[in-house]
Amino acid sequence: MLENEGYDMRRKLQNLGIPTPELISISDSVIIEEYIQQGDLYRAFSDGKNSTLAFQAGVLTGKLHKANYVFTDNKSQNYLVASDMSLIRTDLGFIQKKASIFSRSIDIGSFLASVIDLENSQYQAIERAFFYGYKSETKHSFPYLSIILRNLLSFGFASNHTAMVQNMVRDSSQTL
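Description of the structure in this document. Keep in mind the model is a prediction, meaning the values are calculated, not measured.

### Some details on the side chain of Ser103
Item 1. With respect to the helices, strands and loops of the structure, Ser103 is situated in helix H5 (residues 101-115).
Item 2. When its relative accessible area of 8% is taken as the criterion, Ser103 is described as buried.
Item 3. A polar contact is formed between the side chain of Ser103 and the side chain of Ser100, at a distance of 2.9 Å.
Item 4. What Ser103 contacts, discounting residues up to four positions off in sequence, is Val70 and Lys98.

In structure tokens:
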């Protein structure tokens, strides 16, 4: 995990076009990054920010997948919103060099599961924008396991179970 949080991985991500917070200090027990005042992406969605941020998250996920890496823990809370409304990826500890359909599906499923408890029309807009961002970068639709894994992971993420169930049962066929 420390290797993934370190300077080399941050340079690698920067070269892929995936911004990360500036690493100030790292040791065996402490990681200190620059402070991003605007907060995380889930909070931005909860505050009604538009889905162009979801498009950006899809693009960043797609860039990593094209390089045969996965975040593994790709929840919206691991994206920070910069003052210019761009996204910064944090919590790099679980990045892995993998290109399997399953690992890419986990990335997509964990992102969607992390926002599935938002109001239905907002969730739909986020899912659609994330899909279009991902597809614009990879030229592929979501792997077929993504929605199944989203549904399984949702139980661990959702705080609003009514909205979660409504979003789970709606048609997500456009994203496959």
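Structure's up, so let's keep going.
### Some words on the packing of helix H4 (residues 52-66) against helix H6 (residues 120-138)
Item 1. Interhelical geometry of H4 versus H6 gives an angle of 35° and a closest axis separation of 7 Å. At the point where H4 passes H6, the crossing takes the right-handed sense. Contact residues: Ala54, Phe55, Ala57, Gly58, Val59, Thr61, Gly62, Lys63, His65 and Lys66 in H4; Ile126, Ala129, Phe130, Tyr132, Gly133, Tyr134, Ser136, Glu137 and Thr138 in H6.
Item 2. For the contact of H4 with H6, the class distribution of residues is nine nonpolar, seven polar and three charged.

### Some remarks on the packing of H4 against H5
Item 1. For the pair H4 and H5, interaxial distance at closest approach is 11 Å and the crossing angle is 165°. Overall, the two elements H4 and H5 adopt an arrangement that is roughly antiparallel. Between H4 and H5 the crossing geometry is right-handed. Here H4 contributes Ala57, Thr61 and His65 to the contact with H5, which in turn contributes Arg104, Asp107, Ile108 and Phe111.

### Some words on the packing of aromatic side chains
Item 1. Going through the model one piece at a time under the given rule, you end up with seven aromatic pairs.
Item 2. Between the aromatic rings of Phe71 and Tyr79, the centroid separation amounts to 6.3 Å while the plane-to-plane angle is 80°, which identifies the pairing as edge-to-face. The same class applies to Phe71 and to Tyr79, which are both buried.
Item 3. Their ring planes at 85° and their centres at 6.1 Å tell us that Tyr79 and Phe111 sit as a pair that is edge-to-face. Separated by 32 residues along the polypeptide, Tyr79 in strand E3 (residues 79-81) and Phe111 in helix H5 bring together distant segments of the chain. Each member of the pair, Tyr79 as well as Phe111, is classed as buried.
Item 4. Aromatic ring contacts, followed pair by pair, group Phe71, Tyr79, Phe111, Phe130, Phe131, Tyr132, Tyr134 and Phe142 into a single cluster.
Item 5. One Lys or Arg, Arg89, reaches over the ring of Phe71 and ends 4.0 Å from the middle of that ring.

### Considering the environment of Gly62
Item 1. Checked against the element boundaries, Gly62 lands in helix H4.
Item 2. Residue Gly62 is classed as buried on the basis of its relative accessible area of 0%.
Item 3. Placed 45 residues apart in sequence, Gly62 and Asp107 show a C-alpha to C-alpha distance of 9.9 Å.
Item 4. When near neighbours in sequence (up to four residues on either side) are disregarded, Gly62 contacts Tyr134, Glu137 and Thr138.

### Quick notes on unusual backbone geometry
Item 1. In this model, Asp91 sits at a positive phi of 55°, which is unusual for a non-glycine residue.
Item 2. Topologically, Asp91 is positioned in the loop between strand E4 (87-89) and H5.
Item 3. What makes Asp91 partly exposed here is its relative accessible area of 27%.
Item 4. Although it is not a glycine, Lys139 sits at a positive phi angle of roughly 65°.
Item 5. On the secondary structure map, Lys139 appears in the loop between H6 and helix H7 (146-157).
Item 6. Judged by relative accessible area, which is 64%, Lys139 ranks as exposed.

### Some thoughts on H7
Item 1. The terminal C-alpha atoms of H7 lie 15 Å apart, and with twelve residues this matches the ideal 16 Å at 1.5 Å per residue to within 8%.
Item 2. For H7, the full list of buried residues reads Ser146, Ile147, Leu149, Arg150 and Ser154. Seen end-on, H7 carries its buried residues on one side only, within an arc spanning 150°. Summarising the geometry of H7, the exposed residues directed more than 90 degrees from the buried face are Leu152, Phe155 and Gly156.
Item 3. Structurally, H7 contributes buried residues whose contacts are with H5, H6 and helix H8 (161-169).

Definitions and cut-offs
- Residues numbered from 1 in each chain as written.
- Predicted model: local features only at pLDDT ≥ 70, side-chain atom pairs only at ≥ 80, totals over all residues.
- Heavy atoms only, no water.
- Helix = DSSP H or I, 4+ residues; strand = E, 2+ residues; numbered from the N terminus.
- Buried < 20%, exposed > 50% of the residue type's maximum accessible area, 1.4 Å probe, protein only.
- Polar contact = N/O pair within 3.5 Å; in protein donor to acceptor, adjacent residues only side chain to side chain.
- Contact = heavy atoms within 4.5 Å.
- Axes fitted to C-alpha atoms, helices over the stretch in contact; angles between N-to-C directions.
- Left-handed = near helix turned anticlockwise from the far one by under 90°.
- Nonpolar A, V, L, I, M, F, W, Y, C, P; charged D, E, K, R; others polar.
- Parallel < 35°, antiparallel > 145°, perpendicular 65-115°, else oblique.
- Phe/Tyr/Trp six-rings, centres within 6.5 Å; stacked < 30°, edge-to-face > 60°.
- Lys NZ or Arg CZ within 6 Å of the ring centre and 35° of its normal.
- Expected span 1.5 Å × (residues − 1).
- Arc of directions from axis to C-beta.

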